[in-house]
Amino acid sequence: MSALFPDYRASWETDQHRELRRHAAEFFRREATPNQERWARNHQVDREFWNKLGDAGLLGLDLPEEFGGAGGDFGFSAVVAEELALAHDSASGWVVHSPIVAHYIDTYANAQQKQRWMPKIISGEAVLAIAMTEPGTGSDLQAVRTTAVRDGGDYVINGSKTFISNGTHCDLLVIVAKTDPAQGAAGISLIVAETNDQLQGFERGRVLEKVGQHGQDTRELFFSDMRVPVANLLGEQEGLGFYQLMEQLARERLAIASVCSGMAEAAVLEAIRYTKEREAFGKPLIGFQHNRFALAELKAEVLSIKTTVDYCVQSYIDGRNDPATASMAKLVAADKGVAVVDRCVQFFGGYGYMMEYPIGRAYAAARVNKIYGGTSEIMKEIISRSL
Ligand SMILES: Cc1cc2nc3c(=O)[nH]c(=O)nc-3n(C[C@H](O)[C@H](O)[C@H](O)COP(=O)(O)OP(=O)(O)OC[C@H]3O[C@@H](n4cnc5c(N)ncnc54)[C@H](O)[C@@H]3O)c2cc1C
């Protein structure tokens, strides 16, 4: 149920999705909202938060029931992504773990790999991360320089990655590496490293000082002659990595778009609440026509974001994994969402610029939505191929 649009219902939203929405909202407001400032100081969420997510059934929503998942459709992830943002959470790496990286395992892992990893992924015993970006390349994934060279039963991996979400807590890391550097995209493979203390040659670098999302453990990662069993390759053969990335990136973009939608709605709700409470010149801020009109515009903007994202989610649920549609969801939700949050800050005056207020944290956190998961420019590039 949307507090801003009480009668709103996405075309894909069933009673089960609504029930999950209530459950997720209650969970995040209890377990995440009160911890935002402490997690920001620690540059990470509590490790137990992941176990709590697992206990609450929020890590395997659209993963197979045989491993403890709920077997739902993508709408289950979209609902939780929105509720996370509506609860003003900008610290948890849930989006990376559950709707994104878990599906690389679900889609490309073989039966043995799934038996080993999937139950832990769903319970929260294993936290997931994906390492694509390198200091020298982000948008242009074909240019990654990390190498994985076969030596007996192992890959020997060398390279460095940056901006890796869940970099501190991750136990399973999907690494984008070149198994055949002579080839471009066709030389890329995805290899899962089990990043426990016994893994020689694996180093977690510094926690990065970001503009926002201070509670997220975003790090550099280094691999130097790091040995990972060949059995940890995702897919039946080497060289499928680029195709696998392209196939999964639509999910990633839709999940981020759902977060953007929730962030925009949360910001407008906060602004309405605040302008009713705060007085200037003898009346509440909302009493000034200028502010009412601005809020009216913002409410309409949020509806346009929600309906765009929901249309694209419906398309994905219907089986159309179309890169252009997912890119339109992300482009619209990120660009418009950042603009909505920015305008909402204004109603709060100086308080809007303080990190102790959810609106200030949202302002700092939102900006990256136009950058990660593929930048807005890359979204336009992908959409333009469908013209
Ligand atoms: C907080 C945060 C968390 C992240 N988490 C992860 C993670 O978990 N795992 C991971 O692998 N990565 C992660 N990233 C990395 C993120 O995905 C990249 O930053 C992003 O893809 C952009 O890559 P880049 O930073 O190298 O920028 P570049 O690719 O160098 O781009 C620089 C600028 O050039 C523009 N540009 C590039 N190519 C074109 C083109 N063809 N046409 C027009 N303009 C172009 C871009 O749009 C951008 O404006 C994260 C980043 C941040 C900030």
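In every chain, residue numbers begin from 1 and rise along the written sequence. Under the rules for a predicted model, residues below a pLDDT of 70 receive no local features and side-chain atom pairs below 80 are neither given nor counted, while totals for whole chains, interfaces and linings still include all residues. As a rule here, side-chain values cover all heavy atoms of the structure and leave hydrogens and water aside.

Enquirer: Help me get a handle on empty space enclosed by the protein, residues and values and all.
Expert: Points on a 1 Å grid, built from protein atoms alone, make a cavity when a 1.4 Å probe fits but cannot get out and make a pocket when they are open with protein on both sides within 12 Å along at least 5 of 7 lines; residues with an atom within 4 Å of a point are the lining residues. Grid points are joined across faces, edges and corners, and a volume is the space filled by probe spheres set on the points. Evaluation of the coordinates by the stated rule reveals 3 cavities of 30 Å³ or more. The calculated volume of the largest cavity comes to roughly 130 Å³. If you trace the largest cavity, you find it lined by Ala85, His88, Asp89, Ser90, Met263, Ala266, Ala267, Glu270, Pro358, Ile359, Arg361 and Ala362. The way it works is that DSSP assigns letters per residue, a run of H or I at least four long becomes a helix, a run of E at least two long becomes a strand, and they are numbered from the N terminus. Residue assignment for the lining of the largest cavity shows that the elements contributing at least two residues are helix 7 (241-277) and helix 10 (358-366). Across the lining of the largest cavity, the residue classes tally to 7 nonpolar, 2 polar and 3 charged. Put simply, the second largest cavity is a space of about 50 Å³. Put simply, Ala, Val, Leu, Ile, Met, Phe, Trp, Tyr, Cys and Pro go in the nonpolar bin, Asp, Glu, Lys and Arg in the charged bin, and everything else, Gly too, in the polar bin. Class assignment for the residues of the lining of the second largest cavity results in 3 nonpolar, 1 polar and 6 charged.

Enquirer: Can you break down the site of the ligand residue by residue, with the values?
Expert: Taken together, 19 residues surround the ligand, and among them Thr133, Ser139, Phe163, Thr375 and Glu377 come closest. What qualifies as a polar contact is a pair of N or O atoms within 3.5 Å, subject to a donor-acceptor requirement within protein and to the restriction that residues adjacent in sequence count only when both atoms come from side chains. Backbone polar atom of Gly138 to an oxygen atom of the ligand: 3.2 Å apart, as the coordinates give it. Here an oxygen atom of the ligand sits 2.6 Å away from a polar atom, N or O, in the side chain of Ser139. Here, Shrake-Rupley sampling with a 1.4 Å probe gives the accessible areas, and only protein chains in the shown set may cover a residue. Alone, the ligand offers 970 Å² of accessible surface; in the complex the protein occludes 64% of this. Listing elements by their share of the shell around the ligand, those giving two or more residues are strand 1 (128-131), strand 3 (154-164) and helix 11 (376-384). Counted by class, the shell around the ligand contains 9 nonpolar, 8 polar and 2 charged residues. Throughout, the term near means that a residue has one or more heavy atoms lying within 4 Å of the molecule or strand in question.

Enquirer: I'd love a proper account of unusual backbone geometry, names of residues and values included.
Expert: The backbone phi angle of His43 is positive, close to 55°, even though this residue is not glycine. Note that His43 resides in the loop between helix 2 (36-42) and helix 3 (47-55). With a phi close to 50°, Gln213 is a non-glycine residue in the positive phi region. With respect to the helices and strands, the residue Gln213 is situated in the loop between strand 6 (202-207) and strand 7 (219-229).

Enquirer: Would you mind going over helix 11 in detail, with residue names and values included?
Expert: Burial classes follow relative accessibility: with a 1.4 Å probe on protein chains only, a residue under 20% of its type's maximum area counts as buried, one over 50% as exposed, and anything between as partly exposed. Of the positions making up helix 11, those classed as buried are Ser376, Met379, Ile382 and Ile383. On an axial view of helix 11, the arc spanned by its buried residues comes to 115°, and they lie on one face. Residues are treated as being in contact if the distance between any of their heavy atoms lies within 4.5 Å. Looking at the buried side of helix 11, the elements it contacts are helix 7 and helix 9 (323-347). Throughout, the arc means that of the directions going from the helix axis to the C-beta atoms.

Enquirer: How would you sum up the pattern of salt bridges? Please name residues and give values.
Expert: For this analysis, a salt bridge means a side-chain nitrogen from Lys or Arg found within 4 Å of a carboxyl oxygen belonging to Asp or Glu. Following the criterion strictly, the structure yields 26 salt bridges and no others. Of the charged contacts in the structure, one is a salt bridge between Arg30 and Glu31, with a shortest N-O distance of 3.1 Å. On the basis of relative accessible area, Glu31 is assigned to the buried category, the value being 14%. The salt bridge involving Asp46 is made with Arg38; its shortest N-O contact spans 2.8 Å. Overall, the relative accessible area of 22% leaves Asp46 in the partly exposed class. Owing to a relative accessible area of 31%, Arg38 belongs among the partly exposed residues under this scheme. Connected through shared salt-bridge partners, Glu13, Arg18, Arg21, Glu82 and Glu83 make up one network.

Enquirer: Can you break down the packing of aromatic side chains residue by residue, with the values?
Expert: Aromatic ring pairs: the centre-centre distance and the angle between the two ring planes describe each pair. Side-chain rings of Phe, Tyr and Trp, where Trp is taken by its six-membered ring, are said to pair if the distance between their centres is within 6.5 Å; with planes under 30 degrees apart they count as stacked, over 60 as edge-to-face, and otherwise as tilted. The full count for this structure, using the stated rule, is 8 aromatic pairs. With 5.5 Å between their ring centres and 55° between their planes, Tyr351 and Tyr357 make a pair best called tilted. Note on Tyr357: relative accessible area 28%, which makes it partly exposed. Three or more aromatic residues joined by ring pairs make a cluster, and in this case those are Phe27, Phe28, Trp39 and Phe49. As a reminder, the over-ring test applies to NZ of lysine and CZ of arginine, requiring each to be within 6 Å of the ring centre and within 35 degrees of the ring normal. Residue placement shows Lys283 over the ring face of Phe288; its charged tip is 4.7 Å from the ring centre. The ring of Tyr8 carries the charged tip of Lys306 above its face, separated from the ring centre by 4.7 Å.

Enquirer: Explain the packing of helix 4 (residues 74-86) against helix 5 (residues 94-108) to me, and be specific about the residues and the numbers.
Expert: With axes taken as lines fitted to C-alpha atoms, and helix axes fitted only over the stretch in contact, angles between N-to-C directions fall between 0 and 180 degrees. Running from amino to carboxyl end, helix 4 crosses helix 5 at an angle of 170°, the nearest separation of the two axes being 11 Å. One finds that helix 4 runs roughly antiparallel with respect to helix 5. Note on element contacts: helix 5 touches helix 4 through Trp94, Val95 and Pro99, opposite Ser77, Val80, Ala81 and Leu84. For the contact of helix 4 with helix 5, a count of residues per class yields 6 nonpolar, 1 polar and no charged. Angular relationships are summarised with four words: roughly parallel below 35 degrees, roughly antiparallel beyond 145, roughly perpendicular across 65 to 115, and oblique for the angles in between.

Enquirer: Describe the side chain of Ser258, naming the residues involved and giving the relevant values.
Expert: As for its placement among the helices and strands, Ser258 is situated in helix 7. The contact partners of Ser258, leaving out residues within four places of it in the chain, are Ala78, Ala81, Glu82, Val309 and Val313.

Enquirer: Give me the pairing of strand 3: which residues, what numbers.
Expert: By the convention used here, strands pair only if DSSP detects at least 2 bridges between them. Relative to strand 3, strand 2 (residues 147-151) runs antiparallel, the two being bridged by 5 bridges. Across the sheet, residue Val149 finds its bridge partner in strand 3, namely Val156. Connecting the antiparallel pair strand 2 and strand 3 is a turn made up of 2 residues, with Gly152 showing a positive phi of about 65°. Where strand 3 lies against strand 7, 8 bridges are found, and the strand directions are antiparallel. Across the sheet, the residue bridging to Lys161 is Leu221, located in strand 7.

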